[in-house]
Amino acid sequence: MTRIFDDPASFADDALDGFAAANRRYVARVDGGVVRSTEMDEGQVALVIGGGSGHYPAFAGLVGQGLAAGSACGNMFASPAAGQVYRVARAANNGGGVLLSYGNYAGDVLHFGQAELRLNAEGIDTRTVLVTDDIASAPIDQLENRRGIAGDLTVFKVAGAAAEAGLSLDDVERLARKANYRTRSLGVAFDGCTLPGAEEPLFSVQPGHMSLGLGIHGEPGISDHPMPTASELADLLVSNLLEDKPDDAGSRVAAIVNGLGTVKYDELFLLYGRIEALLGKAGLEIVEPECGELVTSLDMAGVSLTLLWLDDELETYWSAPADTPAFRKGNVAARAHRDVQELATAAEAPVEPPTEAAAALSSGAVALLEAARAVVIEHEDELGKMDAVAGDGDHGIGMRRGVDAAADAAGQAAADSAGADRVLITAGEAWAEKAGGTSGALWGSGLIAVAHSLGNRESYGPEDALNAASAFSAAITNLGKAEAGDKTMVDALLPYIETFTARTRNGDPVADTLAAAAGAATDAAAETASLRPKKGRARPLAEKSIGHPDPGAVSFALIAEALAHTFQELTTKKEQTHE
Ligand code: ADP
Ligand code: MG
């Protein structure tokens, strides 16, 4: 349990403030997380890591020389919002581009992914390497579906050292990918963990037992076992990992015995001794092992074993010196401190004053978002019920929260005389941050993509509308990776874009194009009833969903119709005032 706090709701932020205060030598607090407070070389790649809080020393404790340049820190066990990742990455960037690296969890993928799109759109070359080391979370032929646990450390360490050595973004990315491919972990839990302020643990393990393959948030394990001896536990972890070797494994490994929060160091060391003997017996040579708490899970009782199968290149970077609040290795020549105020300013993109056309467009953008808000409110209950058929029933409330926040933020930005691009970026950020859920992150990214596509131009025409719609669609498919037929909003979005493109090519006025495209989306949304879900939360209950339309497709079509209608009204009004 957690004893020391004022308000459980602000626990993560309050703890991060204190962490930064205690570690000014290493880090500076910026909006959304922390960045390295020591100087970096001009053009040095910035490794930006992150994820939910509650995993210390992951992630903020790994920021410093030879490791990460910044960490975006979400709430307890919750992904940082895209805006947080974006701001930390901007502050961490030194002109060499950004590598985002984090454990493979749906929320993180969406939020970091949205930040990546935005950073790239602003000209900051940004790439992503997901950590997927947990062998219990998916079979060996589905490496990309595995989640990230203590293997975070090996991937971050290799990438951070490569960045410090001055390698290019291409090389840092390649090495991080290789380190991830060659990192395999397996963990066990003896008891659950409790969020600050909560009465009950998130999960529990039967007394006298352990659960094999439990994740770092209490995700279900693969099997329960009576509590083994240390030697038996060592054997179980080692034998499972040796069966899950990467190709070209070689015989040199970095080994990490990681404590998840409340296992004593003496116990970890005892286990490490047994593991080392077993690895030796298997003909392996251990290189610079780690034994301690490196990626924890609040007060969870558990341990994990990680093996990084080295080659020469990986060994160089695994062994390189580093100096961070929680991870130190070798001798690092101390570097001067950076101007903390400057870092905080770098987190925000500079704002250009809008052109006349962009300023004029901003009131239209607000009106369209208001129309979206009205139609979502009108159908909120219905969308919730639709999502309850096979999902979790929150699509109505999620869309409502998102569009409410977006329309409010847009209204405010427009009142501050921002152009349409700023208005939509602010709206997209607010939508993703407040909605929660998959659809919120997707809609938020879509709006931000529209903003970047529209930009701050001298004039706008039908081609710009088509480009904006296509940018919306590309953001959603790039982030969500859903394809036609998966039964998601993409099944309404693709026909929408198809009609949009055809009508624009035909020279139709934007108002007619919007109406025709919305019609295509509405038809397609209705047709999703016959599909079986292949993405998102509805997938496990696929059978139940057949015969019912996809809620995300329906809400998209409703909004498309409302936009078309409002655009028509705005155009008519404009024509009347011109007469
Ligand atoms: P959650 O699924 O997180 O509860 P919502 O209920 O708000 O979020 O949204 C559910 C909708 O999100 C689905 O009906 C589907 O249309 C859409 N969706 C889910 N996953 C994806 C994806 N990967 N790509 C596109 N749309 C998706
Ligand atoms: Mg839902």
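Scanning the chain for helices and strands turns up 18 helices and 15 strands. Over its C-alpha trace the chain gives a radius of gyration of 25 Å, about what one expects of a compact globule, namely 25 Å for 579 residues. Judged by the C-alpha coordinates and their principal axes, the chain covers about 85 × 55 × 50 Å. By residue count, 56% of the 579 residues in the chain fall in the buried class.

All right, on to the sheet that holds strand β4 (residues 70–76) then. Strand order across the open sheet formed by 6 strands is β1-β2-β4-β3-β5-β6, with mixed pairing between neighbours. Among the strands making up the open sheet, the edge pair consists of β1 (27–30) and β6 (126–131). Sheet twist, expressed as the mean angle between neighbouring strand axes with direction ignored, is 25°. Strand direction decides the pairing type here: strand β5 (residues 98–103) and β6, joined by 6 bridges, are parallel. Within β6, the position partnered with S101 by the bridge is V129. Along the sheet, helix α3 (residues 106–121) contacts β3 (46–53), β4, β5 and β6; its crossing angle with β5, the most-contacted strand, is approximately 175°. Running at roughly 170° to β5, helix α4 (residues 152–164) makes contact with β2 (33–36), β3, β5 and β6 of the sheet.

Right, let's get into the site of ligand 1. The environment of ligand 1 is made up of 20 residues, and the closest members are T438, S439, G480, R537 and D550. Within the contact set of ligand 1, an oxygen atom lies 3.0 Å away from a side-chain nitrogen or oxygen of D387. M489 is positioned such that a nitrogen or oxygen atom in its backbone is 2.9 Å from an oxygen atom of ligand 1. In isolation ligand 1 exposes 560 Å². Once the protein is present, 95% of that is buried. Those elements that provide at least two residues to the shell around ligand 1 are α13 (437–454) and α18 (551–578).

Under the domain assignment used here, the chain contains domain 1 (8–344) and domain 2 (356–577). On a C-alpha basis, the centres of domain 1 and domain 2 stand 36 Å from each other. Contacts between domain 1 and domain 2 engage 12 residues on the former and 14 residues on the latter. Carbon and sulfur atoms supply 64% of the area that domain 1 and domain 2 bury against each other, a total of about 1,100 Å² over both sides. Per-residue buried area on domain 1 facing domain 2 is highest for L110, Q114 and R118; these three make up 53% of the total on that side. Linking domain 1 to domain 2 there are 2 salt bridges. Between domain 1 and domain 2 we count 2 residue pairs in polar contact (both at pLDDT 80 or more) in total. For the side of domain 1 that touches domain 2, the secondary structure elements donating two or more residues are α2 (82–92) and α3. For the side of domain 1 that touches domain 2, the element with the most residues is α3, which contributes 8 residues.

Here the structure, examined in full by the defined rule, presents 36 salt bridges. Here D244 ties to R146 by a salt bridge, and the two come within 2.8 Å at their closest N and O atoms. Of this pair, D244 sits in the loop between α6 (230–242) and β10 (252–259) while R146 sits in the loop between β6 and α4, placing them 98 residues apart in sequence. An identical accessibility class is assigned to D244 and R146; each is buried. R400 is the partner of D404 in a salt bridge, and the nearest nitrogen-oxygen pair spans 2.9 Å. Taken together, the residues D404 and R400, both in helix α11 (residues 395–415) and 4 residues apart, mark about one turn of the helix. Each of E370, R373, E380, R400, D404 and D408 takes part in one network of salt bridges that share partners.

Right, let's get into the nonpolar core. Counting residues in hydrophobic clusters, the biggest one holds 63 residues, and the most contacted among them are V34, L99, F156 and V172. For this core, the elements supplying multiple residues, two or more each, are α1 (11–22), β3, β4, β6, α4, α5 (169–181), β10 and α8 (312–319). With 8 residues, the single largest contributor to this core is α4. Judged by nonpolar contacts, the second largest core, of 59 residues, contains A365, V376, I448 and A518.

We now examine the packing of helix α12 (residues 420–435) against α13. Remark: α12 packs on α13, axes separated minimally by 7 Å, with the N-to-C direction vectors making an angle of 170°. Taken together, the axes of α12 and α13 are roughly antiparallel relative to one another. Of the residues in α13, those in contact with D421, L424, I425, A427, G428, E429, W431, A432 and A435 of α12 are G437, G440, A441, W443, G444, L447, I448, V450, A451, H452 and L454. The class makeup of the residues in the contact of α12 with α13 is 13 nonpolar, 5 polar and 2 charged.

Right, let's get into the coordination of the magnesium ion (ligand 2). For the magnesium ion (ligand 2), the protein coordination sphere consists of D387 (OD), D392 (OD) and D394 (OD), at 2.0 to 2.3 Å. Spacing between the donor residues of the magnesium ion (ligand 2) along the chain follows D-x4-D-x1-D.

What counts and how
Residues numbered from 1 in each chain as written. Chains lettered and ligands numbered in written order. Predicted model: local features only at pLDDT ≥ 70, side-chain atom pairs only at ≥ 80, totals over all residues. Heavy atoms only, no water. Helix = DSSP H or I, 4+ residues; strand = E, 2+ residues; numbered from the N terminus. Rg over C-alpha atoms; globule rule 2.2 N^0.38 Å. Buried < 20%, exposed > 50% of the residue type's maximum accessible area, 1.4 Å probe, protein only. Pairing = 2+ DSSP bridges. Axes fitted to C-alpha atoms, helices over the stretch in contact; angles between N-to-C directions. Contact = heavy atoms within 4.5 Å. Near = heavy atom within 4 Å. Polar contact = N/O pair within 3.5 Å; in protein donor to acceptor, adjacent residues only side chain to side chain. Areas by Shrake-Rupley, 256 points an atom, 1.4 Å probe, with all protein chains shown as cover. Domains from an automatic or database assignment. Buried area = accessible area lost by both parts, 1.4 Å probe. Salt bridge = Lys/Arg side-chain N within 4 Å of Asp/Glu carboxyl O. Core = buried A, V, L, I, M, F, W, Y, C linked by side-chain atoms within 4.5 Å. Parallel < 35°, antiparallel > 145°, perpendicular 65-115°, else oblique. Nonpolar A, V, L, I, M, F, W, Y, C, P; charged D, E, K, R; others polar. Donors = N, O, S within 2.8 Å, 3.2 Å for Na, K, Ca; no water.

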